[in-house]
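Each chain, letter by letter, is given below.
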Amino acid sequence: MSAIDYRFCPQCAEALAWIEQLEDGGSKQRLRCTACGFTHWNNPTPVLAAVVECVDRGGKLLLARNAAWSGRMFALITGFMEAGETPEEGIAREVQEETALVAEGVRLIGVYDFQRMNQVIIAYHVQARGEISLSPELAEYRLFEPGDTLCWPAGTGYALADWLRGRGIEPKFIEWPKREHGEGATAS
């Protein structure tokens, strides 16, 4: 939930207000409750992502299209950690929940900033095998040779690019269509 979504204090139900206050790093404006002193810190949410290498399909990469997306873009498998699991356990679980593939190896690729969604992406290379069966969250999948993938210039696209470079493959990036006001579209 972003700061814009928070309107009332989750502790006392009073309205929140943008209030500037001195913190360790200096003065900072945040949503705060004037009644009980609650502060909405609006810290980034950790998101797990997987470059899924299908070891039983010649090392092809599985990319999937989210059922909520209107376009035909395919992306890394992503999800959130559950309480009590490590990031490695979390991404192995997400891969299995969303694709039915079983992770045989999980290795950190890197950590990536995705400020547009107020997220920090923790990306892994997941070597997996099994019969593919998608969860309702995903509309379809495709298997790609690593060198045939296209990276988008944000979030998980940087993770895929780093993974490709680690295998001696120079990544190719998608150019986003321009939006109104000259802004480029972004995705992860």
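Residues numbered from 1 in each chain as written. Predicted model: local features only at pLDDT ≥ 70, side-chain atom pairs only at ≥ 80, totals over all residues. Heavy atoms only, no water.

What follows is about the overall build of the chain. The secondary structure content of the chain amounts to 2 helices and 11 strands. Overall, the chain shows an N-to-C arrangement of helices and strands of β-β-β-β-β-β-α-β-β-β-β-α-β. Expressed as lengths along the three principal axes of its C-alpha atoms, the size of the chain is roughly 60 × 45 × 30 Å. Buried residues in the chain amount to 38% of all 188 residues. In the chain, the share of contacts with a sequence separation of at least 24, taken over all contacts with a separation of at least 6, comes to 57%. Summed over all atoms, the accessible surface of the chain reaches about 10900 Å², with 49% contributed by carbon and sulfur. Charged side chains of the chain number 18 positive and 26 negative; the gap between the two group centres comes to 5 Å. (Helix = DSSP H or I, 4+ residues; strand = E, 2+ residues; numbered from the N terminus. Buried < 20%, exposed > 50% of the residue type's maximum accessible area, 1.4 Å probe, protein only. Contact = heavy atoms within 4.5 Å. Areas by Shrake-Rupley, 256 points an atom, 1.4 Å probe, with all protein chains shown as cover. Lys, Arg positive; Asp, Glu negative; His and termini not counted. Charge placed at Lys NZ, Arg CZ, Asp CG, Glu CD.)

Before going further, it helps to examine the sheet that holds strand S3 (residues 39-40). Reading across the sheet, the 3 strands line up as S1-S2-S3 and stay open at both edges, with antiparallel pairing between neighbours. Each edge of the open sheet carries a strand with a single partner, namely strand S1 (16-23) and S3. (Pairing = 2+ DSSP bridges.)

All right, on to the pattern of salt bridges then. One pass over the structure, following the stated rule, counts 10 salt bridges. Here Arg 65 ties to Glu 140 by a salt bridge, and the two come within 2.9 Å at their closest N and O atoms. One end of the pair, Arg 65, is in strand S5 (residues 60-66); the other, Glu 140, is in strand S9 (residues 138-144), and 75 residues separate them in sequence. On the basis of relative accessibility, which here comes to 14%, the residue Arg 65 falls in the buried class. Residues Arg 93 and Glu 97 are paired through a salt bridge, measuring 3.1 Å at the closest nitrogen-oxygen approach. Of the two residues, Arg 93 and Glu 97 are both situated in helix H1 (residues 87-99); the distance of 4 residues between them amounts to about one turn of the helix. (Salt bridge = Lys/Arg side-chain N within 4 Å of Asp/Glu carboxyl O.)

Let us look at the nonpolar core. Ranked by internal contacts, the top residues of the largest apolar core, which has 19 residues, are Val 51, Ile 121, Leu 160 and Trp 163. Mapped onto this core, the elements with two or more residues apiece are strand S4 (45-54), S5, strand S7 (102-114), strand S8 (119-129) and helix H2 (155-165). The element best represented in this core is H2, accounting for 5 residues. Residues in contact with Trp 163, not counting those within four places in the same chain, are Val 51, Glu 53, Leu 61, Ile 109, His 125 and Pro 146. Counting residues in each nonpolar core, the second largest holds 16 residues, with Ala 50, Ala 64, Val 95 and Ala 128 among its members. (Core = buried A, V, L, I, M, F, W, Y, C linked by side-chain atoms within 4.5 Å.)

The share of residues in the chain with pLDDT of 70 or more is 91%, and the mean pLDDT across the chain is 91. Here S3 stands out as the element of the chain with the lowest mean pLDDT, 94, in contrast to H1, whose mean of 98 is the highest. Note on residues 180-188: pLDDT under 50 across the span, and 20 contacts to partners over four residues away in sequence or across chains. (pLDDT = per-residue confidence, 0-100.)

A word on the side chain of Arg 32. Along the polypeptide, Arg 32 turns up in strand S2 (residues 26-33). There is a polar contact of 3.0 Å between the side chain of Arg 32 and the backbone oxygen of Ile 19. Among residues more than four places away in sequence, those in contact with Arg 32 are Leu 16, Ala 17, Ile 19, Gln 21, Glu 23, Phe 38 and Thr 39. (Polar contact = N/O pair within 3.5 Å; in protein donor to acceptor, adjacent residues only side chain to side chain.)

As a further point, take the packing of aromatic side chains. Following the criterion strictly, the structure yields 2 aromatic pairs and no others. Measuring from ring centre to ring centre gives 6.2 Å for Trp 69 and Trp 152, while their planes differ by 65 degrees; the resulting arrangement is edge-to-face. With Trp 69 in the loop between S5 and strand S6 (77-79) and Trp 152 in the loop between strand S10 (150-151) and H2, this residue pair connects regions lying 83 residues apart in the sequence. (Phe/Tyr/Trp six-rings, centres within 6.5 Å; stacked < 30°, edge-to-face > 60°.)

With that out of the way, let us pick up the state of the cysteines. The final tally for this structure, using the stated rule, is 0 disulfides. Cys 151 supplies the cysteine sulfur nearest to Cys 54, a cysteine that is in no disulfide, at a spacing of 17 Å. Judged by its relative accessible area of 0%, Cys 54 falls in the buried class. (Disulfide = S-S within 2.5 Å.)

A separate point is H1. Look at H1: 18 Å from first C-alpha to last across 13 residues, which is about the 18 Å you get at 1.5 Å a residue. Within the sequence span of H1, burial applies to Gly 90, Ile 91, Arg 93, Glu 94, Val 95, Glu 98 and Thr 99. On its buried face, H1 sits against S4, S5, S6, S7, S8 and S9. One or two positions beyond H1, positive phi appears at Ala 100, with a value near 70 degrees. (Expected span 1.5 Å × (residues − 1).)

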